[in-house]
Protein chains: 2
Amino acid sequence: MTSDALIDDMIMTPQEYGVGARFTLAVYDTDYIRIITDALEHVDRGDLIVDTGDISTFLTGSEQDIVGHLGAVIGHAARTGTHVSAAILLSRGCPGELECELPPGVPALGACPVALDPTGIRARAHWSLYPLMASADERHMDHIHAAIDRARRSGVFSGSDHFASRLDGDLATVLTTAANAWIDVGHHVQHVVSHLTISINSPTPIPEP
Amino acid sequence: MTSDALIDDMIMTPQEYGVGARFTLAVYDTDYIRIITDALEHVDRGDLIVDTGDISTFLTGSEQDIVGHLGAVIGHAARTGTHVSAAILLSRGCPGELECELPPGVPALGACPVALDPTGIRARAHWSLYPLMASADERHMDHIHAAIDRARRSGVFSGSDHFASRLDGDLATVLTTAANAWIDVGHHVQHVVSHLTISINSPTPIPEP
């Protein structure tokens, strides 16, 4: 059963299942307050719940709305031409904090893949994917490997570094590749977290492959 | 057996066991290249292996050297008075990338707690801790809860947000609290990852408790 079906039936909302993100947008420019405020204010929040604090911004809602919002906010800041980076956490299946608040026996809920229009902005990222709760499905490692293989075959998979995979391509494809692997694994494992650090407009030379 | 003992006996180096970090230091100032370069160049690397790229910097070596280097580099940049943030990944027990390269049967290797001198710099952070590999020790969840409880009782534990705990205090204590919980759990679980986003000198008002 997918989270769409369960959520459509009002069995469990994205908030109840803990579908959400936390991100910190960094702007390497003395005018960063205006650039970040502009980006946050000019992007439609739709049905998302958004809570911005001094350390990071919390988002909860559908996977498509979350990833769309991340792409729009980061893209808006990057289009100023300044160097920006974003630290992103995607989480599903554990609405609590250090310890999960969901009762045992909740099924793993995936969702439909997300899609974004190309942005024309080149993004490079270090990406990690963490399945955190053992599944009753004994084949869950097979499903995880299949999701990783699908990400590897995507056009943005650029190599393997210590503790992270490197993604390189359009901001939209970098975000959807990471998010769709997170959603894929979410069909088979309840609690799945993914972390991405995205860098755009860096003046640092890109290492030779 | 601790990793100190194993490493002292040359059975397994920090590199072989995958003890390391990846971090992205963000400086919200047009003069960021000078500030970041100064911080990286003025801090002693000791015995660490350091590899800086366009997305993040990779560190491997002893836990004490890694955490000391993070505190020194971030502290050096923060002392300019500009707003800085740092996205940090700590990892142990899995030297590979998306899939672990260690053979089965490797014991979980903890280490001695790390300690840093106070910096006088106030840091606020969102922190997450991920034990990633099931342990042969059936009480591993008890050990994880004990490590989290020790972090909660530390003076910098400031509350629980969605997907992360909030730490607030001296930069040195924020870093050592997160790192020592990561090391603690590492005594009982092989592959343990922790992510921190640290914010310093933010102009955003700190929410009322």
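Here the structure is a predicted model, which means the values were calculated and not measured.

The rules behind these values
- Residues numbered from 1 in each chain as written.
- Chains lettered and ligands numbered in written order.
- Predicted model: local features only at pLDDT ≥ 70, side-chain atom pairs only at ≥ 80, totals over all residues.
- Heavy atoms only, no water.
- Least-squares fit on C-alpha atoms with pLDDT ≥ 70 in both.
- Contact = heavy atoms within 4.5 Å.
- Buried < 20%, exposed > 50% of the residue type's maximum accessible area, 1.4 Å probe, protein only.
- Helix = DSSP H or I, 4+ residues; strand = E, 2+ residues; numbered from the N terminus.
- Arc of directions from axis to C-beta.
- Buried area = accessible area lost by both parts, 1.4 Å probe.
- Salt bridge = Lys/Arg side-chain N within 4 Å of Asp/Glu carboxyl O.
- Polar contact = N/O pair within 3.5 Å; in protein donor to acceptor, adjacent residues only side chain to side chain.
- Core = buried A, V, L, I, M, F, W, Y, C linked by side-chain atoms within 4.5 Å.
- Pairing = 2+ DSSP bridges.
- Axes fitted to C-alpha atoms, helices over the stretch in contact; angles between N-to-C directions.

Help me understand the relation of the copies chain B and chain A, please; the structure alone is not making it clear to me.
Relating the two copies of this chain is a rotation about some axis coupled with a shift parallel to it. The operation relating chain B to chain A is a screw motion whose rotation component is 180°, with 0.0 Å of axial translation and a residual RMSD of 0.0 Å. Taken together, the rotation angle and the small translation identify this as a two-fold axis. When you check the interface residues of chain B against chain A, 100% turn up at the interface there too, and the contact is symmetric in its surfaces.

Quick question: what am I supposed to make of helix 3 (residues 32-42) of chain B here?
For the α-helix, the turn length of 3.6 residues means that residues three or four positions removed from each other point alike. Residues and elements named next belong to chain B. Every buried residue of helix 3 is listed here: Tyr32, Ile35, Ile36, Ala39 and Leu40. For helix 3, the buried positions fall inside an angular range of 125° around the axis, keeping them on one side. Exposed side chains of helix 3 directed beyond 90 degrees from the buried face belong to Glu41 and His42. Contact partners of the buried residues in helix 3: strand 1 (20-27), strand 2 (49-52) and helix 4 (63-78).

Can you walk me through the interface of chain B and chain A in this structure?
Many authors give the size of an interface as the accessible area that is lost as the parts come together. Listed as interface residues are 62 residues of chain B and, on the opposing side, 62 residues of chain A. The junction of chain B with chain A conceals about 4,700 Å² of combined surface from both sides, 63% of it contributed by carbon and sulfur atoms. Between Arg124 of chain B and Asp54 of chain A there is a salt bridge, and its shortest N-O distance comes to 2.6 Å. Our count for the chain B to chain A interface comes out at 12 residue pairs in polar contact (both at pLDDT 80 or more). Here the side of chain B that touches chain A takes 8 residues from strand 5 (residues 122-131) of chain B, the largest share from any one element.

How should the nonpolar core be read in this particular structure?
Proteins that are soluble and globular tend to have nonpolar side chains buried together. Within the largest apolar cluster, 118 residues are counted, with the highest numbers of intra-cluster contacts made by Ile88, Leu196 and Ile198 of chain A together with Ile88, Leu196 and Ile198 of chain B. Excluding its chain neighbours within four sequence positions, the residues that come into contact with Ile88 of chain A are Arg22, Phe23, Leu70, Ile74, Leu175, Ser194, His195, Leu196 and Ile198 of chain A. Core analysis: the second largest hydrophobic core is formed by 12 residues, Leu89 and Tyr130 of chain A together with Tyr130 and Leu132 of chain B among them.

Would you mind showing me how to read the sheet that holds strand 4 (residues 84-92) of chain B here?
Think of a sheet as strands paired side by side through backbone hydrogen bonds, with each pair either parallel or antiparallel. All names here are of chain B. Taken together, 8 strands build an open sheet; the order of strands is 2-3-1-4-8-5-7-6 and the sheet is antiparallel. The open sheet has two free edges, formed respectively by strand 2 and strand 6 (157-161), since each of these has just one partner strand. Strand-to-strand twist of the sheet, defined as the mean angle between neighbouring strand axes without regard to direction, takes the value 20°. As defined by bridge partners, strand 6 adjoins strand 7 (residues 164-170) across 4 bridges and the pair is classed as antiparallel. Considered in strand 7, the bridge of Ser160 is made with Ser165. Packing against the sheet, helix 6 (residues 171-186) makes contact with strand 1, strand 4, strand 5, strand 7 and strand 8 (192-200), and its axis sits at approximately 170° to strand 8.

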